[in-house]
Amino acid sequence: MKSQQDRLREAMKRLALTRDDFAARLGVTRRALDTWLLPDGSKEHRAMPAMAAKVLAELPGARALPAGLRERITPRGKPHLLSVEQFDRAAVEDLLAVAESMEPIARRAKVTRVLEGAVLANLFFEPSTRTRMSFATAFCRLGGSVCDTTGFTFSSMAKGESIEDTSRVIAGYADAIVVRHPDQGSVARFAKGVHVPVINGGDGVGEHPTQALLDLYTIRREFARLGKKVDGAHIAMVGDLKHGRTVHSLIRLLSLFKGLTFTLLAPPSLEMPGDLVAHAEAAGHKVRRAASLKDGLKKVDVLYATRIQKERMSGEALETYPLDFRIDKKRVDALCQKDTIVMHPLPRDGTPGSNDLATDLDNDPRLAIFRQTDAGIPVRMAVFAVLLGVENLVAGSLRDAPWISPPRIGSGDAPFHRLT
Ligand code: ASP
């Protein structure tokens, strides 16, 4: 184990702080820090109190971030993020540690310019608000710039250009590319011929890997607050599990943990694909199917609701979607626990009479949907930083953000939601 002075010296160097500034970051006097930094044998040497050691351990950027993560998640020399299958448990834990280190920037307390000069191409050939904006914001918060194109109509694909030609052209312009496309497998096709990092922002009913990463990040933060662990958790997934790419990625990612129970609640025509169920079972998890919320929501730690993916089905399937999958306060109160976390990848269908997550839970602390959307920033920053190899430069580059930020983001936010 490293000595106290080695740990302190290393942290000070990583954060690029003077002794005075470092003492201030630790919340101690310069004199106290000086005595902790003396060699062990010195008469003046004092051991750091447990509280200061804890502050040091939790100081963002004080610890070295895991090395070689880029190579571990992108083997074969192609720096793309296409599927959650690229992660093992250690890699996903490490990526989330990088995301944690981005929190001071995401919360607008700090600024970095590590990606100054870099350009992101954000190509969205399907509707998006959150994913497109949060990828763009994440890249900007690292100091980069963003070029955007949306829809087929205004792109050369409308003139018959192939995915491969478009991909080669864009890779010549940008340093990272995010692609959303309606066809499963299309983003992998886009990535195949280029060496610039390509990130899957959702490929039809296939995958949405960064959504699953931010969902896991949210679950872990909520569980930390509640004293729970992902291992052994009970996760209910509700709604259109057939077409919902977020749940396809999430069940795979959660399967990296141990001893989970998944309860899948979907109407018969919208069930989770068999291969994903088999994958979770083969990893040692219990997968139960329940026909109604009443049977399925007892003792769940997370209720993950999804939207009916209307755009991927014909009229008939839509009309037969039963109303009893609607999640509202009455049902959550009656069927869930006091500490069940309610999540949804959003958007939720807010049209009157819609059969989606209701708004009457909005001020309920169990509803984590906006904590979930906020998590998109540090997680996507982490993905860019790792794929572009700058994650270990961030801590040393931080400056205070000079502008005024609100102490709370939304006035309707449920408790637990703090900016600082
Ligand atoms: N925004 C998510 C997605 O793009 C979920 C949804 O659209 O329902 O998959």
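The following paragraphs examine the structure supplied in this document.

The rules we used
- Residues numbered from 1 in each chain as written.
- Predicted model: local features only at pLDDT ≥ 70, side-chain atom pairs only at ≥ 80, totals over all residues.
- Heavy atoms only, no water.
- Helix = DSSP H or I, 4+ residues; strand = E, 2+ residues; numbered from the N terminus.
- Contact = heavy atoms within 4.5 Å.
- Buried < 20%, exposed > 50% of the residue type's maximum accessible area, 1.4 Å probe, protein only.
- Pairing = 2+ DSSP bridges.
- Right-handed = clockwise from strand over helix to strand, strands pointing away.
- Near = heavy atom within 4 Å.
- Polar contact = N/O pair within 3.5 Å; in protein donor to acceptor, adjacent residues only side chain to side chain.
- 1 Å grid on protein atoms, 1.4 Å probe; cavity = no way out; pocket = protein on both sides within 12 Å on 5 of 7 lines; lining within 4 Å.
- Sits in = over half its atoms within 2 Å of the grid points.
- Nonpolar A, V, L, I, M, F, W, Y, C, P; charged D, E, K, R; others polar.
- Points joined across faces, edges and corners; volume = space filled by probe spheres on them.
- Core = buried A, V, L, I, M, F, W, Y, C linked by side-chain atoms within 4.5 Å.

1. A few points about the side chain of Ser255
Relative to the assigned elements, Ser255 resides in the loop between α12 (245-254) and β7 (261-265). Setting aside residues no more than four positions away along its own chain, Ser255 makes contact with Phe262, His279, Ala280, Ala283 and His285.

2. Some remarks on the pairing of strand β6 (residues 234-238)
Here is the key point about a regular strand: its side chains alternate between the two faces of the sheet. When you tally the buried positions in β6, you get five out of five residues, the bulk of the element. Of the two faces of β6, both are covered, the one formed by His234, Ala236 and Val238 as well as the one formed by Ile235 and Met237. Relative to β7, β6 runs parallel, the two being bridged by five bridges. Residue pairing for β7: Val238 is matched across the bridge by Leu265. Where the polypeptide runs from β6 across α12 and back to β7, its parallel neighbour, the crossover connection is right-handed. In this sheet, strand β9 (residues 302-305) lies alongside β6 in parallel orientation, the contact comprising four bridges.

3. Comments concerning the site of the ligand
As a structural note, the neighbourhood of the ligand is formed by Arg180, His208, Arg245, Thr246, Arg307, Gln309, Leu346 and Pro347. Measuring from an oxygen atom of the ligand, one finds a side-chain N or O atom of Arg307 at 2.8 Å. Given that more than half its atoms are within 2 Å of the pocket grid, the ligand belongs to the second largest pocket. Of the residues contributing to the shell around the ligand, the split by class is two nonpolar, three polar and three charged.

4. Overview of the layout of surface pockets
In this structure, the second largest pocket occupies an estimated 410 Å³ of space. Arg180, Arg245, Arg307, Leu346 and Pro347 are, among the 19 residues lining the second largest pocket, the residues nearest its centre. When contributions to the lining of the second largest pocket are tallied by element, the ones reaching two or more residues are α8 (130-141) and α12. Grouping the amino acids of the lining of the second largest pocket by side-chain chemistry returns four nonpolar, nine polar and six charged.

5. Quick word on the nonpolar core
Residues Met237, Leu254, Phe262 and Phe384 are the most contacted members of the largest nonpolar core, which totals 71 residues. In terms of residues, this core owes the most to one element, helix α17 (residues 369-387), which gives ten residues. With 19 residues, the next largest nonpolar core counts Val238, Val300, Cys336 and Val342 among its residues.

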